[in-house]
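# Structural characterization, general
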Amino acid sequence: MPGPFSLLPHVELFEAPTPLQELMNLRAVIAAENGSCPQLYIKRDDMTGLAGGGNKTRKLEYLLGEARKQNADTLITAGALQSNHARQTAAAASKAGFACTLILFDTVPYQGALYRRSGNLLLDKVLGADLVIEDGTADAAEVFERVMGNISKADGTPYLIPVGGSNSVGAIGYARAAGEILDQAAAKQIGLTRIVHASSSLGTQAGLLTGLAGRASDVRVTGINVYRHDTEKMREDLTDLTERTADRLGVRRVGAERFEIVDGFLGEAYGVPTDEMKAAVSTLAQTEGILLDPVYSGKAMAAMIAMIFRGEIGPEETVVFLHTGGMPGLFAYEEEFAG
Ligand SMILES: Cc1ncc(COP(=O)(O)O)c(C=O)c1O
């Protein structure tokens with residue numbers, strides 16, 4: 001890991017760079033129907049190699065660096081029952097020699113038969129994490145306090161990782177990724193104009209914006225809201241997290257016009273399938289042989305395709321779709337894809 005990012009506390013969890021691949025078949029399919037299509041690439045952060053991969057690998061490198069610095073021996077984090085972040089944290093803990101407790105809240109109003117058994121939840125068990133499962137009405141602060149107390153009583157030293165790994169430490173992983181994408185695009189002579197990806201806890205987007213600002217790049221970052229109906233609140237949180245990340249890295253702050261969060265693709269709620277998501281997952285699988293997920297990257301791909309058809313992403317653009325992972329989630333949503 002060359003450059004300034006190697007000087008910050010981190011634990012190496014994967015070998016960068018992840019592949020940057022052209023989506024020629026998807027482009028041809030869209031162009032056949034739409035008359036035109038921008039150049040499309042995909043950044044394969046689903047291929048980090050850590051227990052199914054995904055965007056959390058990059059954040060966890062820096063979060064585990066902090067945990068080590070603080071002499072912690074047990075990682076604690078939280079998320080929904082099918083949290084990819086929880087699965088990646090369990091895997092990172094295994095690889096780096098930490099114990100791991102995952103607090104999983106049963107909050108998603110999806111009643112699929114395998115949602116509460118398979119997918120990420122199954123992998124959390126295979127990875128050996130201790131699971132604390134709470135229903136949606138539980139008081140999160142009280143649960144955290146109880147779990148932290150139990151670990152301390154057993155002489156453990158806990159390190160608390162926020163939901164989604166999204167604080168100014170975790171976001172460093174995506175500030176670094178921004179440089180990786182720019183370097184790959186330059187090496188392949190790709191005139192990149194925009195990165196599109198799923199946004200929820202916002203560390204990915206905050207990190208990318210900070211990393212691009214650090215390289216004086218004006219590549220747009222379009223975050224697709226897959227998380228909540230209040231997009232304005234998301235934009236405020238993104239502004240705040242990006243400022244904190246920029247300050248931590250000593251990079252100039254990002255202009256307000258750069259905080260782009262697109263709504264209209266969430267559907268009923270976080271984790272609830274939409275028809276557009278199902279079509280996007282099937283289309284990418286059947287044109288490119290690449291698997292997306294039902295909660296994040298599938299909804300983000302649906303948004304990117306819709307924005308191309310609406311002319312909001314023009315044919316003159318060159319777009320990188322950031323594949324943030326999540327494929328194990330497909331197994332929890334079996335009946336959506338079983339035909
Ligand atoms: C597969 C996947 N994509 C995208 C995201 C969103 O990333 P962020 O929380 O940094 O906004 C997540 C977060 O959990 C995720 O698991």
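Residues numbered from 1 in each chain as written. Predicted model: local features only at pLDDT ≥ 70, side-chain atom pairs only at ≥ 80, totals over all residues. Heavy atoms only, no water.

In the annotation of an unreviewed UniProt entry, the entry for the protein chain reads 1-aminocyclopropane-1-carboxylate deaminase, and the organism field reads Tepidicaulis marinus. Listed in UniProt under the heading Cofactor (unreviewed entry), the comment for the protein chain reads: "pyridoxal 5'-phosphate". (UniProt positions renumbered as here; feature names shortened; annotations may be inferred.)

Let us look at the sheet that holds strand 1 (residues 20-22). The mixed open sheet is built from six strands, whose spatial order is 1-2-10-7-8-9. In this open sheet, the two edge strands, each paired with only one partner strand, are strand 1 and strand 9 (260-262). Mean inter-strand twist for the sheet, computed between neighbouring axes without regard to direction, equals 30°. In terms of strand pairing, strand 7 (residues 194-199) meets strand 8 (residues 220-225) through six bridges, oriented parallel. Within strand 8, the position partnered with Ala 198 by the bridge is Ile 224. (Pairing = 2+ DSSP bridges. Helix = DSSP H or I, 4+ residues; strand = E, 2+ residues; numbered from the N terminus. Axes fitted to C-alpha atoms, helices over the stretch in contact; angles between N-to-C directions.)

Attention now moves to unusual backbone geometry. A cis geometry characterises the amide bond from Ala 16 onward to Pro 17, with omega recorded as 0°. When you line up the elements, Pro 17 lands in the segment before strand 1. Of note in the backbone geometry, Ala 51 takes a positive phi value of approximately 45° without being a glycine. Along the chain, the position of Ala 51 falls in the loop between strand 2 (39-44) and helix 2 (56-69).

Tallied over the entire structure, the rule returns 21 salt bridges. Ionic pairing is found between Arg 146 and Glu 134, a salt bridge with its closest N-O pair at 2.9 Å. Here Arg 146 is found in helix 5 (residues 140-153), whereas its partner Glu 134 is found in strand 5 (residues 130-135), with twelve residues between them in sequence. Accessibility expressed as a relative area gives 16% for Glu 134, which makes it buried. (Salt bridge = Lys/Arg side-chain N within 4 Å of Asp/Glu carboxyl O. Buried < 20%, exposed > 50% of the residue type's maximum accessible area, 1.4 Å probe, protein only.)

The subject of this paragraph is the sheet that holds strand 6 (residues 158-160). Taking strand neighbours across the sheet as the criterion, the four strands line up as 5-4-3-6 in an open arrangement whose pairing is parallel. At either end of the open sheet lies a strand with only one pairing partner, and these are strand 5 and strand 6. Direction aside, neighbouring strands of the sheet carry axes that sit 25° apart on average. The pairing of strand 3 (residues 74-80) with strand 6 spans three bridges and is classified as parallel. Pairing of Leu 75 across the sheet is with Tyr 159, part of strand 6.

Those places that UniProt annotates as "modified residue: N6-(pyridoxal phosphate)lysine" (unreviewed entry) correspond, in this numbering, to Lys 56. Tracing the sequence through the fold places Lys 56 in helix 2. Accessibility expressed as a relative area gives 10% for Lys 56, which makes it buried. The residues touching Lys 56, leaving out its near neighbours within four places in the chain, are His 85, Gln 88, Gly 164 and Ser 201. (Contact = heavy atoms within 4.5 Å.)

Attention now moves to the domain arrangement of the protein chain. You can read the domains of the protein chain as domain 1 (4-54 + 167-337) and domain 2 (56-165). Distance from the C-alpha centre of domain 1 to the C-alpha centre of domain 2: 23 Å. Listed as interface residues are 45 residues of domain 1 and, on the opposing side, 38 residues of domain 2. Together domain 1 and domain 2 conceal approximately 3400 Å² of surface at their shared face, both sides included; 61% is due to carbon and sulfur atoms. Taken as a group, Val 11, Leu 13 and Leu 50 account for 18% of the area that domain 1 buries against domain 2, more than any other trio of residues on that side. The tally of links between domain 1 and domain 2 comes to three salt bridges. A salt bridge links Arg 58 to Glu 180; the shortest N-O distance between them is 2.8 Å. Applying the counting criterion to the domain 1 and domain 2 interface returns 19 residue pairs in polar contact (both at pLDDT 80 or more). Of all elements in the fold, only helix 6 (172-187), helix 7 (203-214) and helix 11 (334-337) reach the threshold of two or more residues within the side of domain 1 that touches domain 2. Classifying every residue of the side of domain 1 that touches domain 2 by side-chain character gives 22 nonpolar, 15 polar and eight charged. (Domains from an automatic or database assignment. Buried area = accessible area lost by both parts, 1.4 Å probe. Polar contact = N/O pair within 3.5 Å; in protein donor to acceptor, adjacent residues only side chain to side chain. Nonpolar A, V, L, I, M, F, W, Y, C, P; charged D, E, K, R; others polar.)

In terms of burial, strand 4 (residues 99-106) is largely enclosed, as six of its eight residues are buried. The sheet contact formed by strand 3 and strand 4 spans seven bridges and is parallel. Following the sheet pairing, Leu 75 is matched in strand 4 by Cys 100. Pairing geometry for strand 4 and strand 5, over six bridges, is parallel. Bridged to Asp 106 within strand 5 is Asp 135. Taken together, strand 4, helix 4 (residues 119-126) and strand 5 form a β-α-β motif whose crossover is right-handed. (Right-handed = clockwise from strand over helix to strand, strands pointing away.)

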